[in-house]
Amino acid sequence: MVTAQRTQENLQQAAVAITAVSGETLERQGVTELANLAGMAPALQVSRNSGPYTSLRLRGISSTVGNQFGDPAIAVNVDQVYQARAVGAFGQFFDLARVEVVKGPQGILYGRNATGGAINIITAAPILGEYSGYLGLDRGNYDQLIVNGAINLGLADSLAARVAFQSEQRDGFFSNDSSDADTQGVRGQLRWAASDTVDLIVRADYTKDDNHGVGSTGYCAGAPVTALPSYSGCPATGRLFGDPWTSTVDQQPLINPYYPNGPGGTPGLVGAFGHNEYYSASAELNWQVFGGVLTAIPAYHHDTIDYMFANGFNVREQVDHDQYTFEVRFASDQTQSIRYVVGAFYFDDTQDGGATYDRRSYLTPFSTPSNVALGVPAGTPSSNNTITNQELHNDDTSWAVFGNLTWALTDTFRLSAGLRYTTEKKETDSLSAIYDAAGSRSPYVGTTRTWASDVPDITPADARATGGFVAVGSKDWDNTSYRVGAEWDWREDALLYATVATGFKSGGFFGNNPADPLGISYDPEKVIAYTLGSKNEFIDNRLRVNLELFQYDYDDQQVGSILFNSAGLRIGATVNAGTSTIRGVELETAFLPWENTRLSADIQYLDAVYDSFLIPNAFLGASGNAASRCTPAVNSRYPGAAFANDCSGQQMVNAPEWTVNLGVEQNFPLANGGSIAAQIDTRWEDERELNTSYFLYSRVESQHRSNATLSYNAPEDQWSVTAYIRNIEDDVTLDVAEPGVNQSGIIAATLRPPRQYGLRFRVNF
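A brief look at the structure comes next. Since the model is a prediction, treat every value here as computed from it, not as a measurement.

Structural notes on the sheet that holds strand E6 (residues 81-83)
Next up, step 1: Spatially, E1-E7-E8-E5-E6 is the arrangement adopted by the five strands of the open sheet, whose pairing is mixed. The outermost strands of the open sheet, each flanked by one partner alone, are strand E1 (18-22) and E6. The average angle at which neighbouring strand axes cross in this sheet is 20°, direction not considered.
Next up, step 2: Where strand E7 (residues 96-103) and strand E8 (residues 117-123) come together, seven bridges link them in antiparallel fashion. What sits directly across from Val 99, in E8, is Ile 121.

The structure is reproduced here in structure tokens:
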């Protein structure tokens, strides 16, 4: 059973593309965080960005803005509570009932900003009248130790409590101990069945995450990404610089002789870290009344983000994020010929904090002839050896009303229609100051600053005096999304459906001088999706075949970019990328040839191309770049930007043409009542693009990864032991590779995890 359409229904009867994964499967596969989920659905791509931020992509739709200014394109919901930042679900992957990956725009029944789809994380709820629990231990290579467990207490006939926890520790994959894990989380729930018609669950959770940040290693771009020639020690284009698991920190000064000791001359790079905390509280009231179910969900969520990132672009960020949501909805009796869901949603979000950015580049000075050729205005002062301090204060409020109606014209044919009206207001009061780290250059001298242990406070006067800016603004957007569809049970255990649906993601702000023609804001993005699907079961439900054809018309996709503004300052901005067309086919199959054998094959074909994509990019230049497949273009879309490049016709980022997941599961019953279970699965991905610079190095070749488990389950499921191995091939796969401001010809690349193996024990009571 799934709840993707806000009512409980059989997965095969839901007229929407869903991949549902049980909590048992997630535990067996070792999925302990959002980033581990990618292998469970061919449509899903997940990458860890700077600090705690996670980038999610479904069928080519994603958000590339990995900071507090950006909103996710994929809505993450934990127990039906929308998470405004991808960090919000970081510590939630333990003691789960299931995870649902819902594909396509969810503009009707889900919170806000769901142009690409939704990931629903459903935790295991308290069970009335039951005393039970479990304790698990996972010991693996890289000195991994995971301890988790839960206890369910049936306190009375109508009252139950459940407490669950998880602690995960692991050494880093890289030589400087980066990409490690040190996370502790706990969740408590109390359920009260006040009557036969009223059920209330109150939840609270807390997660603490201490680590050394996401690691990276040197990757050779071949042609220079800045005005200086590439480093002479770099091998051929598209090659890693030495051992893949040697961190850029330990590779310096070899790959960067100008920058051996970290920002501001201090050993900052060596001390990369993350100290992040997340906690939340929510309640879920379900009341059977007026022939249906009234549901109310108030919730609060808080993030404290505190990290220093040591890859291609060095950042020190400290931000507090507070989110309040309230949703109320009424679902009619779903057995009637006319059934509906109506509701309202309120959202309030604030972010307060600051960041320090290392702006050292090798464009020295900006006005040299080589940099003028790159599009930098002549006479622009140098920003070499500079540090930017940013202070941000953002407020975001949104409310919506929604409804969806399904009308069964016959026992086998249904029509549906839904609408959602959303209004949103965003405000920013942000500052940016630029300091000369060496204290020797005007106009960026001001107060000389080095890489501080804490992000310092700045004032508007300080911002203006150092060549920075004060970005203050407020913008409103509203939208009406719709969904229409038809469903036909063309035979027993066979569903055919067709839908047209739209999605909306509001605009926002970025840091820039408000007087600059580029401005400080970007517009909303929108998508309209056409789908035709079928869900089928054959041979006495032993063969399942689900197929969906889809086309998305994607307008004004929000893309993060490093660009020069009209003053020649390199800024991190969000721009709207024109139009895209995404076409594809997804096939999910499962077959039980024998009672204890299960075969699965999930395949996605994706043709995702930018039809029109004009983007300013500081690493391409007005005259183009031989290392890029984009071409120079007249800047007609972004006023004030020094130049633009035409990347139309290019494959969308992290949207491989083919993705294939294959799996085999075999269960061996034993005479003592126990069993042995074996599973092996593999995922193959076609070549894909890593970033919108479209450099030659950023196209990753096809790759595959395989995993295997072997388990013994004792009689009556009293205990179990599992041996596992992930990434059997020990494949080295690039995950993120972005041009950085600190390397020339070599960029910092993050990698997907190496081979991991270990033993997992679990005792049930």
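Now that the structure has been shown, we can carry on.
Remarks on the state of the cysteines
Next up, step 1: Overall, the coordinates contain one disulfide when judged by the stated rule.
Next up, step 2: A disulfide bridge connects Cys 630 with Cys 647, and the sulfur atoms are separated by 1.9 Å. Judged by the sign of its S-S torsion, about 110°, the cystine formed by Cys 630 and Cys 647 is right-handed. Placement of the pair is Cys 630 in the loop between strand E31 (614-615) and strand E32 (631-633) and Cys 647 in the loop between strand E33 (644-646) and strand E34 (658-669), with a sequence separation of 17 residues. The same class applies to Cys 630 as to Cys 647, namely buried.

Some details on the packing of aromatic side chains
Centre-to-centre distance and the angle between the planes together describe a pair of aromatic rings.
Next up, step 1: Scanning the model with the defined rule gives 13 aromatic pairs in all.
Next up, step 2: Plain terms: the ring middles of Phe 173 and Trp 245 are 6.3 Å apart, the flat faces sit at 65° to each other, and that makes the pair edge-to-face. With a gap of 72 residues between them, Phe 173 in the loop between strand E11 (159-170) and strand E12 (181-192) and Trp 245 in the loop between strand E14 (217-220) and helix H2 (248-251) connect regions that are remote in the sequence. We note that Phe 173, like Trp 245, is buried.
Next up, step 3: Members of the aromatic cluster, joined through ring pairs, are Tyr 142, Phe 173, Phe 174 and Trp 245.
Next up, step 4: In this structure, Arg 491 is placed above the aromatic ring of Trp 490, and the distance from its NZ or CZ to the ring centre is 5.3 Å.

Looking at the nonpolar core
Next up, step 1: In this structure, Ile 61, Tyr 552, Ile 582, Phe 613, Met 652 and Tyr 694 are the most contacted members of the largest nonpolar core, which totals 28 residues.
Next up, step 2: With residues up to four places along the chain from it excluded, the contact list for Phe 613 reads Val 559, Ala 577, Asn 645, Asp 646, Cys 647, Ser 648, Thr 692 and Tyr 694.
Next up, step 3: Counting residues in each nonpolar core, the second largest holds 22 residues, with Ala 43, Ile 74, Val 78 and Val 101 among its members.

Brief notes about the pairing of strand E38 (residues 703-713)
Next up, step 1: In this sheet, E38 lies alongside strand E35 (residues 675-685) in antiparallel orientation, the contact comprising 11 bridges. Each residue of the ladder has a partner; that of Gln 679, found in E38, is Thr 709.
Next up, step 2: Connecting the antiparallel pair E38 and strand E39 (residues 719-726) is a turn made up of five residues, with Glu 716 showing a positive phi of about 60°.

Things to note about the environment of Ile 680
Next up, step 1: Mapped onto the elements of the fold, Ile 680 is located in strand E35.
Next up, step 2: In this structure Ile 680 comes out as partly exposed when scored by relative accessible area, which is 44%.
Next up, step 3: Taking the C-alpha atoms as reference points, Ile 680 and Val 664, 16 residues apart in sequence, are found 5.5 Å from one another.
Next up, step 4: Ignoring sequence-local partners within four residues, the contact set of Ile 680 consists of Leu 662, Gly 663, Val 664, Asn 707 and Ala 708.

Topic: the sheet that holds E33
Next up, step 1: Taken in spatial order, the three strands make up an open sheet running E31-E33-E32, and their pairing is antiparallel. If you trace the sheet from one side to the other, it starts and ends with E31 and E32, each paired once.
Next up, step 2: Taken together, the two bridges between E31 and E33 define a ladder with antiparallel strand orientation. Across the sheet, Ile 615 pairs through a bridge with Asn 645, a residue of E33.

Notes on the pairing of strand E26 (residues 543-555)
Next up, step 1: Here 13 bridges tie strand E25 (residues 525-538) to E26, and the two strands are oriented antiparallel to one another. From the neighbouring strand, Val 527 faces E26, where its bridge partner is Tyr 554.
Next up, step 2: The hairpin turn running from E25 into E26, its antiparallel successor, is four residues long, and Ile 539 in that turn takes a positive phi close to 50°.
Next up, step 3: For E26 and strand E29 (residues 579-594), the ladder comprises 13 bridges, and the chain directions are antiparallel. Bridge pairing in E29 places Asp 553 opposite Thr 581.

Quick word on the side chain of Asn 661
Next up, step 1: Turning to its location among the elements, Asn 661 is positioned in strand E34.
Next up, step 2: The buried category is assigned to Asn 661, whose relative accessible area is 8%.
Next up, step 3: Here Arg 683 takes part through its side chain, which lies 3.5 Å from a polar atom of the side chain of Asn 661.
Next up, step 4: Among residues more than four places away in sequence, those in contact with Asn 661 are Gly 39, Met 40, Ala 41, Pro 42, Ser 600, Ala 601, Asp 602, Thr 682 and Arg 683.

Let's talk about a nonpolar patch on the surface
Next up, step 1: A surface patch of nonpolar side chains, about 880 Å² in accessible area, is lined by Leu 135, Ile 151, Val 163, Phe 165, Val 186, Tyr 206, Tyr 279, Trp 719, Val 763 and Phe 765.
Next up, step 2: With respect to the helices and strands, the residue Val 163 is situated in strand E11.
Next up, step 3: A relative accessible area of 43% places Val 163 in the partly exposed class.

Thoughts on unusual backbone geometry
Next up, step 1: Phi is positive for Asp 177, close to 70°, though the residue is something other than glycine.
Next up, step 2: The residue Asp 177 is located in the loop between E11 and E12 in this model.
Next up, step 3: Classification of Asp 177 by relative accessible area gives partly exposed; the value is 27%.
Next up, step 4: Look at Asp 493: it is not a glycine, yet its phi comes out positive at around 65°.
Next up, step 5: Within the element layout of this structure, Asp 493 appears in the loop between strand E21 (469-491) and strand E22 (494-505).

Rules behind the numbers
- Residues numbered from 1 in each chain as written.
- Predicted model: local features only at pLDDT ≥ 70, side-chain atom pairs only at ≥ 80, totals over all residues.
- Heavy atoms only, no water.
- Pairing = 2+ DSSP bridges.
- Helix = DSSP H or I, 4+ residues; strand = E, 2+ residues; numbered from the N terminus.
- Axes fitted to C-alpha atoms, helices over the stretch in contact; angles between N-to-C directions.
- Disulfide = S-S within 2.5 Å.
- Buried < 20%, exposed > 50% of the residue type's maximum accessible area, 1.4 Å probe, protein only.
- Phe/Tyr/Trp six-rings, centres within 6.5 Å; stacked < 30°, edge-to-face > 60°.
- Lys NZ or Arg CZ within 6 Å of the ring centre and 35° of its normal.
- Core = buried A, V, L, I, M, F, W, Y, C linked by side-chain atoms within 4.5 Å.
- Contact = heavy atoms within 4.5 Å.
- Polar contact = N/O pair within 3.5 Å; in protein donor to acceptor, adjacent residues only side chain to side chain.
- Patch = residues over 30% accessible without salt bridge, like charges linked within 9 Å, V, L, I, M, F, W, Y side chains within 5 Å.
- Areas by Shrake-Rupley, 256 points an atom, 1.4 Å probe, with all protein chains shown as cover.
- Salt bridge = Lys/Arg side-chain N within 4 Å of Asp/Glu carboxyl O.

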